[in-house]
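Single-letter residue listing:
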Amino acid sequence: MTTSKRSRLPGIGMSRNDILSHLDKIKLDPVRGHWSKAFRATPDVQDLGSKVYQDFFSDNGIFSLRVPYMRNIEEQVIEMCLSVVNGSDNSAGNMTNGGSESIYSALHAIREWAREHKPHVHEPKVLVPYSAHPTFSKGGHYFGLRIERIPLGDDFRVDVKAMAAAIDGDTVALVGSAPCWPYALYDPIEKIAALAIQHNLWMHVDACVGGYLAPFLTKLGYKLPRWDFTVPGVMSISADLHKYGYCPKPCSTILWQDASLQKYHFVHPSDWPGGQYSTTGFAGSRMGGAIFAAWAVMSYLGEDGYIRMAKRVMDLKAEITTKINEIDELEVWETDLLPLPIRGTGVDIGKVSAALMTRGYIILGTQQPPLINLPIDAAVDETVISTFLRDLKEIVVGITRGDIDSGSSLVYG
Ligand SMILES: *Cc1c(COP(=O)(O)O)cnc(C)c1O
């Protein structure tokens, strides 16, 4: 007799009904669980994405460089994406399994480019804003790059003077976020890119969260800082289709300003019995459903659809901001874009976050300064908003009175 509490593969398979009813019991409440399923568009878009995902559920993206039915679709997705970020006819790109993989792709290409262009550098260094995504640090670890985080200015954007001062003989690349996740603020991309040109460095823009939202807001007349391939010096951009591109997860893009930069990305070995092994990036087998669903969602929304979604998201942002600011103990931080940072002015926001968790919410947070980051998407509806605000008010009152104490928690991931 085993006494281990660990799960084992069932000796006899469970019934379909038992499986489905078990999962039904544990799944998130759709209203409170809404926020952790970001980023989604309106139900018609989700429905099409899910249908196409199912239809190509077992297709393997590993074939996408070879097999026309898939290669053509993937190329069209990339070309649509490049047109959104103002790429030229010489720009190129690759689909990936998420923002992290897109950032790894950039860091890997940076290392290869530096080996060729800066052969004297033995300990290559990449300068990133303090607020840049932690994936840059993970990637530095994987690829043997030193990631130096540059302090932010008083406006919580990277201090470009400090970045300039940190450039030395080992520096190979500069990074800026458009915008960063914690504060939804743009780093001064044009200034960073100018520094990159001046010092002959690679410049990467992390537009994972904003890349497929900002261009449509610009079309609506919103004034946002410039960050895309129209900025001289920007060589690569990471932008997530599974965020404001509204494509089913996992789906992101790494975009190269010029196809000549993409060569630092590809690794196509042939030193095995199977001959040349050509893949689009880090992954071997990939979810085919995500590739076809991305094509379907982008084709369905079109520019007018993305503009409509962008307008909806900004209207929701304004509505939620007003209502949260009506709660005395909370305050929404001024941002360029999204997610929406909420601070506690009269309450410990970490306690609010922990209490939200006990009610079925999963919302990411930031520690410096303490805030929660609300990922408003086009699928947020009135029920989601009113339930959230009611819970938020009850929790704030409960914490203030000392009736609620669920600990304190502010984490990302
Ligand atoms: C979401 C995000 C990432 C990471 O993307 P994943 O898809 O979670 O791997 C990187 N940078 C920024 C700015 C992001 O918002």
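Note that the structure is predicted; figures quoted are calculated from it, not measured. (Residues numbered from 1 in each chain as written. Predicted model: local features only at pLDDT ≥ 70, side-chain atom pairs only at ≥ 80, totals over all residues. Heavy atoms only, no water.)

Undergrad: What is the right way to look at the site of the ligand in this model?
TA: With respect to spatial proximity, 14 residues lie near the ligand, and among them Gly99, Ser100, Asp206, His242 and Lys243 are the closest. Ser100 is positioned with one of its side-chain polar atoms (N or O) 2.6 Å from an oxygen atom of the ligand. Between the ligand and Lys243, the relevant distance is 2.9 Å, taken from an oxygen atom to a side-chain nitrogen or oxygen of the residue. Coverage of the ligand by the protein chains reaches 87% of its 390 Å² of free accessible surface. Residue contributions to the shell around the ligand peak at three residues, all from helix H4 (residues 99–117). Of the residues contributing to the shell around the ligand, the split by class is six nonpolar, five polar and three charged. (Near = heavy atom within 4 Å. Polar contact = N/O pair within 3.5 Å; in protein donor to acceptor, adjacent residues only side chain to side chain. Areas by Shrake-Rupley, 256 points an atom, 1.4 Å probe, with all protein chains shown as cover. Helix = DSSP H or I, 4+ residues; strand = E, 2+ residues; numbered from the N terminus. Nonpolar A, V, L, I, M, F, W, Y, C, P; charged D, E, K, R; others polar.)

Undergrad: Explain unusual backbone geometry here, please?
TA: The peptide bond linking Ala178 to Pro179 adopts the cis configuration, its omega dihedral lying at -10 degrees. Mapped onto the secondary structure, Pro179 falls in the loop between strand S4 (171–177) and helix H7 (189–199). With an omega dihedral of 5 degrees, the bond running from Leu338 to Pro339 counts as a cis peptide bond. For Pro339, the location among the structural elements is in the loop between strand S8 (330–332) and strand S9 (340–344). The phi dihedral of Ala184 is positive, around 55 degrees, even though this residue is not glycine. Within the fold, Ala184 resides in the loop between S4 and H7. The buried category is assigned to Ala184, whose relative accessible area is 0%. Backbone geometry places Tyr246, a non-glycine residue, at a positive phi of 65 degrees. Mapping Tyr246 onto the fold places it in the loop between strand S6 (236–239) and strand S7 (252–256). (Buried < 20%, exposed > 50% of the residue type's maximum accessible area, 1.4 Å probe, protein only.)

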